[in-house]
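Working through the structure, step by step
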Amino acid sequence: MGSATNRNPARRLDDASSLGGLPEFRPRLTIVVVILTLMVAVVGWRIARDTGARRVDVLAREAIGLFDAAASTASATAPPDAAEAEKRFRDLAGVPIGFPRDDVDFVPVEVRRETFANRPAASLRFRYAGEGYLLVVSARERLLGNSPVAAFPEGSFVSGERDGRSYVLWEREEGTCIVVSEVDVTRAFDLVRRLFI
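Residues numbered from 1 in each chain as written. Predicted model: local features only at pLDDT ≥ 70, side-chain atom pairs only at ≥ 80, totals over all residues. Heavy atoms only, no water.

**Things to note about a nonpolar patch on the surface**
- Taken together, the side chains of I31, V32, I35, L36 and M39 define a hydrophobic patch exposed on the protein surface, amounting to about 470 Å² of accessible area.
- When you line up the elements, M39 lands in helix α1 (residues 27-72). (Patch = residues over 30% accessible without salt bridge, like charges linked within 9 Å, V, L, I, M, F, W, Y side chains within 5 Å. Areas by Shrake-Rupley, 256 points an atom, 1.4 Å probe, with all protein chains shown as cover. Salt bridge = Lys/Arg side-chain N within 4 Å of Asp/Glu carboxyl O. Helix = DSSP H or I, 4+ residues; strand = E, 2+ residues; numbered from the N terminus.)

**Examining the packing of aromatic side chains**
- The tally for this structure, following the rule as stated, stands at nine aromatic pairs.
- Ring geometry for F157 and F189: centres 5.2 Å apart, planes at 80°, overall edge-to-face. Residue F157 is located in strand β4 (residues 157-162), and its partner F189 is located in helix α3 (residues 185-195); the two are separated by 32 residues in the primary sequence. (Phe/Tyr/Trp six-rings, centres within 6.5 Å; stacked < 30°, edge-to-face > 60°.)

**Things to note about the nonpolar core**
- One finds F89, F99, L124, F126, L135 and F196 to be the most contacted residues of the largest nonpolar core, which totals 27 residues.
- Residue assignment for this core shows that the elements contributing at least two residues are α2 (82-93), β1 (106-116), β2 (119-128), β3 (131-139), β5 (165-171), β6 (175-181) and α3.
- A60, V158, Y167 and V180 belong to the second largest nonpolar core, which has 16 residues in total. (Core = buried A, V, L, I, M, F, W, Y, C linked by side-chain atoms within 4.5 Å. Buried < 20%, exposed > 50% of the residue type's maximum accessible area, 1.4 Å probe, protein only.)

**Quick look at the environment of A117**
- Here A117 is to be found in the loop between β1 and β2.
- Judged by relative accessible area, A117 falls into the partly exposed class, the value being 25%.
- A C-alpha to C-alpha distance of 9.3 Å links A117 and R55, two positions 62 residues apart in sequence.
- Excluding residues that lie within four positions of it along the chain, A117 makes contacts with L59 and E62. (Contact = heavy atoms within 4.5 Å.)

In structure tokens form, the structure reads like this:
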């Protein structure tokens, strides 16, 4: 009776065994594997890039909604001074951020607790040189231990315009920050750079 398998190592054919493909080189298979690996890498990179853009778009849309809601519910109370607004803002946000105390154009109007990107956040409605602004800061999640998870993969600032509102989004080690206003996006970006960075 003959056996269908060759169990004798001395009788094995030379091409029947392979150590991970090293002794036996197959150029066609190697080329196919390299091309497939590159395709998977390119598709993964595009998905990661597009996911970041979508997340930024969602954050901007939500912040603009908060800006519009804050503008429609104007408070009748006296605005707090910058030091009091900074202390209350830090307590609500859990993120250390400083407000300009000696700039006469900076007038805090209202500090509130908000929900931003399904997480607790703090918002500061303020006026600068007569123009209305909204700053929203949310403490960042630490999903991977000590390394923070970025909402967008490239760059440190994202700015744009949507529905006649401009926004500037940036991330710090402690949190995600966004400023929304009706002014031009270049003026909003300049204000963020001068006051909060």
